[in-house]
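What follows is each chain in one-letter form.
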Amino acid sequence: MKLIVTGGAGFIGSCVIRTLIRTTDVSICNVDKLTYAASPEALAEVSGSPRYRFERLDICDGPGLAALFEREQPDAVMHLAAESHVDRSIDDPAAFIMTNLVGTYTLLAASTAYWRGLPEARRASFRYHHVSTDEVYGSLGDVGAFTETTPYAPNSPYSASKAGSDHLARAWFHTYGLPVLVSNCSNNYGPFQFPEKLIPLMILNGIAGRPLPVYGRGMNVRDWLHVEDHARALWQVLTRGQPGESYNIGGNAERRNIDVVHAICDLLDELVPDPQGSRRRLITHVSDRPGHDLRYAIDASRIRRDLGWVPQETFETGLRATVEWYLANEAWWRPILERRYAGQRLGLAGAAAPADKVQEKMP
Ligand code: NAD
Ligand code: DAU
């Protein structure tokens, strides 16, 4: 199989590429614009493979995509390229609209034009896999879980742009017959995650003895999945999923943010004890994210039942391995902190109060 992966220099895309080069005989062309979030270093292990190549390209570039499809003659597309950070979407939604909506449209259009020109058998086996998020479903109360039929109710500029892109993918299946698969996954964590996200930010701040900024009271719940389990699930969806269907992917690992931060503190205290005392002392409750979704939880029964996928990591094993990875890979994250993102608070533009000054200590 020849596969085009978009966003393959990002956190999840790079894990997908490493996993597939290691465990399958697929050939991959990685299409990535290399934004601030990209990490070519995460692809070092595959860069020498004859089955891997890289193409620097913006998915909003229609002619560039058309030429790429002509050259590569792919059997499938797995689309992960996106602006992915909710806080940045609050500060500056424009890039989210461009990449997540216009970029997805441009990629669908280029894929469809190419797919229509394929001979019958290759047209039938071609797959277009749109990778999305559980945030499109909005926020849950204390009970229940998102299923594939939960109505869409996105609340942030990020999730609204992803919801729109899911609808475009769905429409291209129904209107043009493009063999589209959609998957919606919960929060990922693991190696090479950019330190703007909760888990790597808390690990790196904890290592440095800096404050650990917990939004609000830390009672918001996320459903965590190790990125390698997600990569395995995506391969199952791409190769065995039913076109026109969507698949929820989640690790059945709901945790309150405050409990995640406590667990990270405790792991750091065990692995690299701090003479000044437990890292829990660094926890600082800061003003909440505007429009902060309370709870996400995934019902992953469809992918378990229909495709036989189950996660291999528990949150406890996965989090320990992740903390150990960040401790062992300062050479990867130090230059990012120095040159691209120093850990400052994001996502307060438009908030009613000068919220980064608010520091409510938890009782
Ligand atoms: P990421 O931010 O780490 O990486 C995104 C990649 O896309 C980067 O390499 C970037 O350079 C590239 N990119 C951005 N704009 C582009 C453009 N216009 N053209 C080409 N490339 C471009 O993101 P991630 O966390 O790896 O997420 C990957 C996908 O999975 C996204 O679609 C995201 O919505 C989805 N998702 C993420 C999570 C999560 O927890 N991280 C969970 C569910 C779904
Ligand atoms: O649910 C899937 C989504 O998970 C993906 O679609 C997104 O791409 C991904 O970024 C992630 O979104 P979240 O907003 O849930 O992830 P984030 O790591 O930004 O935040 C996780 C939780 O932690 C959330 O409730 C906000 C909170 N938080 C986050 C940061 C960065 C804090 O309390 N403090 C922080 O400093």
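So, here is what we can say about the structure in this document. What you see is a predicted model, and the numbers here were worked out from it, not measured in a lab. (Residues numbered from 1 in each chain as written. Chains lettered and ligands numbered in written order. Predicted model: local features only at pLDDT ≥ 70, side-chain atom pairs only at ≥ 80, totals over all residues. Heavy atoms only, no water.)

1. Brief notes about the packing of aromatic side chains
Working step 1: Under the criterion given, the structure shown has 18 aromatic pairs.
Working step 2: Considering the side-chain rings of Tyr36 and Phe194, the 5.2 Å spacing of their centres and the 85° angle between planes classify their relative orientation as edge-to-face. Of this pair, Tyr36 sits in the loop between β2 (27–32) and β3 (52–56) while Phe194 is found in the loop between β7 (187–189) and α7 (198–208), placing the two residues 158 residues apart along the sequence.
Working step 3: Taken together, the ring pairs connect Tyr137, Phe146, Tyr152 and Tyr296 into an aromatic cluster. (Phe/Tyr/Trp six-rings, centres within 6.5 Å; stacked < 30°, edge-to-face > 60°. Helix = DSSP H or I, 4+ residues; strand = E, 2+ residues; numbered from the N terminus.)

2. Examining the pattern of salt bridges
Pairs can form between side chains of opposite charge once their charged atoms are near each other.
Working step 1: Applying the stated rule across the entire model yields 22 salt bridges.
Working step 2: Its salt-bridge partner being Arg53, residue Glu72 comes within 2.6 Å of it at the nearest N-O pair. A residue pair is termed long-range when its members are at least 10 positions apart, and Glu72 in helix α2 (residues 62–72) and Arg53 in strand β3 qualify at 19 residues.
Working step 3: Between Arg305 and Asp306 there is a salt bridge whose closest N-O contact spans 3.2 Å.
Working step 4: Residue Asp306 is classed as partly exposed on the basis of its relative accessible area, which comes to 39%.
Working step 5: Linked by salt bridges that have partners in common, Lys2, Arg53, Glu55, Arg71 and Glu72 make up one network. (Salt bridge = Lys/Arg side-chain N within 4 Å of Asp/Glu carboxyl O. Buried < 20%, exposed > 50% of the residue type's maximum accessible area, 1.4 Å probe, protein only.)

3. A word on the site of ligand 2
Working step 1: For ligand 2, the set of nearby residues contains 24 residues, the closest of which are Thr133, Asp134, Tyr158, Arg289 and His292.
Working step 2: At 2.7 Å, a side-chain N or O of Thr133 approaches an oxygen atom of ligand 2.
Working step 3: Within the contact set of ligand 2, an oxygen atom lies 2.5 Å away from a side-chain nitrogen or oxygen of Asp134.
Working step 4: Taken by itself ligand 2 offers 690 Å² of open surface, and the protein chains cover 94% of this.
Working step 5: Counting only elements with at least two residues in the shell around ligand 2, the list comes to α7 and β8 (212–215). (Near = heavy atom within 4 Å. Polar contact = N/O pair within 3.5 Å; in protein donor to acceptor, adjacent residues only side chain to side chain. Areas by Shrake-Rupley, 256 points an atom, 1.4 Å probe, with all protein chains shown as cover.)

4. Notes on the packing of α7 against helix α9 (residues 257–271)
The angle between the axes and the distance between the axes are what describe a pair of packed helices.
Working step 1: Running from N to C, α7 and α9 cross one another at 40°; their axes reach a closest spacing of 10 Å. When the axis of α7 is compared with that of α9, the two are oblique. The two elements α7 and α9 meet at a crossing, and its hand is right-handed. Contact residues: α7 offers Leu198, Ile199, Met202, Ile203, Gly206 and Ile207, while α9 offers Asn257, Val260, Val261, Ile264 and Leu268.
Working step 2: Residues that form the contact of α7 with α9 fall into these classes: nine nonpolar, two polar and no charged. (Axes fitted to C-alpha atoms, helices over the stretch in contact; angles between N-to-C directions. Parallel < 35°, antiparallel > 145°, perpendicular 65-115°, else oblique. Left-handed = near helix turned anticlockwise from the far one by under 90°. Contact = heavy atoms within 4.5 Å. Nonpolar A, V, L, I, M, F, W, Y, C, P; charged D, E, K, R; others polar.)

Function-wise, these values are silent; they only describe arrangement.
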